Amino acid sequence: MLCCVLNTVVLSQCNENLVLAHGCDFTQRRMPNTSTRPKRGRRNRRVPREDPARNELVSRSLESAQQCLFNQDYGTAFVHYLLVLNLAPVLKDFASESFRFTLFKWADELDSLGRIQDLFDCYEQALELFPTDEVIINSMGEHLFRMGFRDEAAGHFHKALKLKPDYPEAKENFYRVANWLVERWHFLMLNDRRRNHKYQQAIQKAVEGGCNTVLDIGTGTGILGMCAKKAGAAEVYACELSKTMYELACEVVTANGMNGRIKILHMKSLEMEVPKDIPKRVSLVVTETVDAGLFGEGIIESLIHAWNHLLLPPQSTQDPSRPPSQAGRVIPAGATVFGMAVQCLEIRRHHRLCVSEIGGLATAAAGELHSPVSCSSEDDSTEPYTTERLSRLPGGYTPLTEPFNALDIDFNNVQELEGLCSREVSRVRLPVTGEGLLDALAVWFQLHLDQQSSLSTGPKEDTCWEQAIYPVQTPHNFPLRPGDELIVEISCRDAYLRLCSVAVARDGREFRLDDCLDPDKPRNNPGPSGNPNPSLNAEAELCSALACLGTEQSSGPRDYTMLECAEMALLNNQPYHDSFRRALAKLITNLKDARSVQGPSQGQGLEVMPLTDPPSGPMDPGPDPFYVLDVSEGFSVLSLMAASQGQVKAYSSVEKTQHQAVLRRLARANGVPEEALEFWLNQVEDEQAVLQRPSREKLWSAIILDCVETCGLVRQKLMEKATLARCLLEDGGQIFPERIVLYGMLVESDTLLLESAVQGQEPTLGFNIAPFINQFTVPVHVFLDLSTLQCRHLSDSVELFILDLMNTNANYTNRDVKVQASASGRVTAVPFWYQIHLNEEISLSTFNQDSHWKQAAVVLHQPLAVREGDWVRLAVTLQKSSISISASIEEEAGETGTVDSVRVR
């Protein structure tokens, strides 16, 4: 009946507001300066008359809107609200909250139905009524971001923040989209003085040598184009595909007095034509469209198009007298690619399965599992490499070969560029110089800017680039030793450089690494420590594998399942699964004991079935099962671990059909009854409503929430989900985890400063760039490996905040924490991580060697000087599952420094 009461109140307020809007009170309002004499010729405004029919229509429409809301007919309710607020704008303040709620619900429905244009039409209609409503603007930005319109989303988040600078949701969203729009390497590159200076020198030399018309491809902030103009180029053009970076470049160029002197185009260079976009061919192209794998940003395709359509012909040896202004050239002039075979546990555990059991479940039946990063000739849809900074990998790496020359490329030779992808596959035989397991090929390059100057991206260089990693994707481990030869195939397909370890040569015999792939054949995976199975030492394992490779031929195409790199690391996290195994067993034991006390009808005398002796045959239909729901993101075996307990009906949120098939195979192989494991999303109509009862009469015994993202942040709306989950638990049921404790410390790290913003007071190469790109500074750094981060610890770790998912009354919104400096220095960041408590006895840390989680940190804009023994106050606030941290220290003179807030989603 509450709805009827609310409707009565709404109608009463509506009629009252209508009287105020159209009745006598309105006629008594006085306009400004009514005591002064009106200007000559101005007519007095007519007093609006009350319109009973209009009032009745508004009143009935508002009543209908409320009734439609009650019936969850959000589309009709939205139409009624549009009518009411257009006819009676005076009701906007009164109805704004209900209107927002209706809009958001209706937008979610339209989104689920794929009616995208209708969704955005509704938002445009809403913004016509509420053009300065930061909540609606932010919500529209969220929809834009989810659909891939990142530039447009950023504009909405930025506008919402201008309207309300302390709006946490808009701030968090802007930080999130800023990482997409202005990637962190932009800051590293602009802070790389050596790189900047070498590019400037090469451009200046070329321009002074006669290259007076310049095109900057992929201009970014516009720095290379400005270098050309500063060097004296007569005409400078630049192109940029990203709308955000294009607008940023325009601002930077204008601020440096070059507006109108550099023409910036918002387009891909592949779409440029002469004379449509630039009046004539240019004599110099400058670009840095290279990634860690050199070709990943499309430099080959861009340069082929430039030579054919935008550049003057290259200098010819047959006509050396032609002046440089009439010949074309490219900076950089070329590159040399290097590679090296490495052993690295961190790479291994992110790309292939390294364990033979997961939480007591044998993994052999899963088939071949690996990451989507592969150079396999069978699947061109996979990415051939990922990127890592080898010097910062936890556990380090071991070179197994000397660096080798993989490729030389001349960017000033169009025939060589055009023939690159049609080159025959080349084979390189690499002498093995170190002993270890083959995990990857690490690749870097030397970029030749001209004949005198070059830049290296090698692992031992202090560079803004990472290295490209080509992981080995085989189900077997291959211990190499000095004297072996590793055979590597090098090719270039789809303009990607591909390096694939294909074989090992020993004692005059050659064994292919991708043979003998039958998943049913015994294999020896390294454990979580990276060591092979103790039953076979490395030598015996290799002999066994080589014997298999030498006698068996692949019987057909490879049967494998791809998981994301983070999902592979999670599967290899044995402490994580063992902890959940013990926590689940304890909970089920307690619930069975509770039922046995209540009487035989509730399942008296049930025993916990150990995972080492799984149940066989169908589940006993007698006692009621315990219902367990796993809503972990991505691929998870926790539901299967729960089902293997016996008398458990487990539901998994795994969505992909191929991944569900893996879980079913594992269930059969481990004796878990088929009916004990089901897939929840196959039964839930609305994916947004995952948290609901298993059936109308039943409640959950356990709900497993995915609380921390791999990047190191708390998941969005975690506490809201926990609140709902508590309402769906049976007596004695539990949420996993039950509690999360946030820890942090004070550190000094120049590395984090360089990755967060352009540093220093001096202009970059004399250009004013920092104020513009630093608008996209994000105070939160994610995907950190704190164990290898270059930093000085200035304090011990300290408990910052507690999130209690099982006890609402134990939570708080604000907490002040005092941290004593253990050393003198400059506090530049506050890294943080979590201790995840599954129950009172069992917990996991996101900061240990086996963790699949990374850490995160908040970075100060201005370092905070501390002396040993000083106290720093950290103010921690929780708002809608977003944690903000600020820090300050009071010196004797009363100075105060503050850490910018960090949003831990």
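Residues numbered from 1 in each chain as written. Predicted model: local features only at pLDDT ≥ 70, side-chain atom pairs only at ≥ 80, totals over all residues. Heavy atoms only, no water.

- The chain goes by Protein arginine N-methyltransferase 9 in an unreviewed UniProt entry, where it is assigned to Oncorhynchus tshawytscha.
- Its UniProt record gives the chain the following Catalytic activity (unreviewed entry) comment, quoted word for word: "L-arginyl-[protein] + 2 S-adenosyl-L-methionine = N(omega),N(omega)'-dimethyl-L-arginyl-[protein] + 2 S-adenosyl-L-homocysteine + 2 H(+)".
- The annotation that UniProt attaches to the chain under Subcellular location (unreviewed entry) is "Cytoplasm". (UniProt positions renumbered as here; feature names shortened; annotations may be inferred.)

### Brief notes about the sheet that holds strand β21 (residues 509-512)
Okay, step 1: One open sheet accounts for four strands, arranged β13-β19-β20-β21; its pairing is antiparallel. Of all strands in the sheet, those with a lone pairing partner are β13 (426-431) and β21, marking the two edges. Between one strand axis and the next, the sheet turns through 35° on average, direction left out of account.
Okay, step 2: Sheet topology note: the β13/strand β19 (residues 485-493) ladder contains six bridges and is antiparallel. Its bridge partner being in β19, Val428 is matched across the sheet by Val488. (Pairing = 2+ DSSP bridges. Helix = DSSP H or I, 4+ residues; strand = E, 2+ residues; numbered from the N terminus. Axes fitted to C-alpha atoms, helices over the stretch in contact; angles between N-to-C directions.)

### Focus: the nonpolar core
Okay, step 1: In terms of nonpolar packing, the biggest core is built from 246 residues, with Phe295 and Phe411 touching the most fellow members.
Okay, step 2: If one sorts the elements of this core by residue count, helix α4 (residues 74-87) sits on top with eight residues.
Okay, step 3: Apart from residues lying up to four places away in sequence, Phe295 is in contact with Ile300, Leu407, Ile409, Phe411, Leu420, Cys492, Ala495 and Leu497. (Core = buried A, V, L, I, M, F, W, Y, C linked by side-chain atoms within 4.5 Å. Buried < 20%, exposed > 50% of the residue type's maximum accessible area, 1.4 Å probe, protein only. Contact = heavy atoms within 4.5 Å.)

### Some remarks on the packing of helix α8 (residues 150-163) against helix α9 (residues 168-181)
Okay, step 1: Packing of α8 against α9 brings their axes to within 9 Å, and their N-to-C directions diverge by 145°. Pair α8 / α9 crosses with left-handed handedness. Contact residues: Arg150, Asp151, Ala154, Phe157, His158, Ala160 and Leu161 in α8; Ala170, Lys171, Asn173, Phe174, Val177, Trp180 and Leu181 in α9.
Okay, step 2: Classifying every residue of the contact of α8 with α9 gives nine nonpolar, two polar and three charged. (Left-handed = near helix turned anticlockwise from the far one by under 90°. Nonpolar A, V, L, I, M, F, W, Y, C, P; charged D, E, K, R; others polar.)

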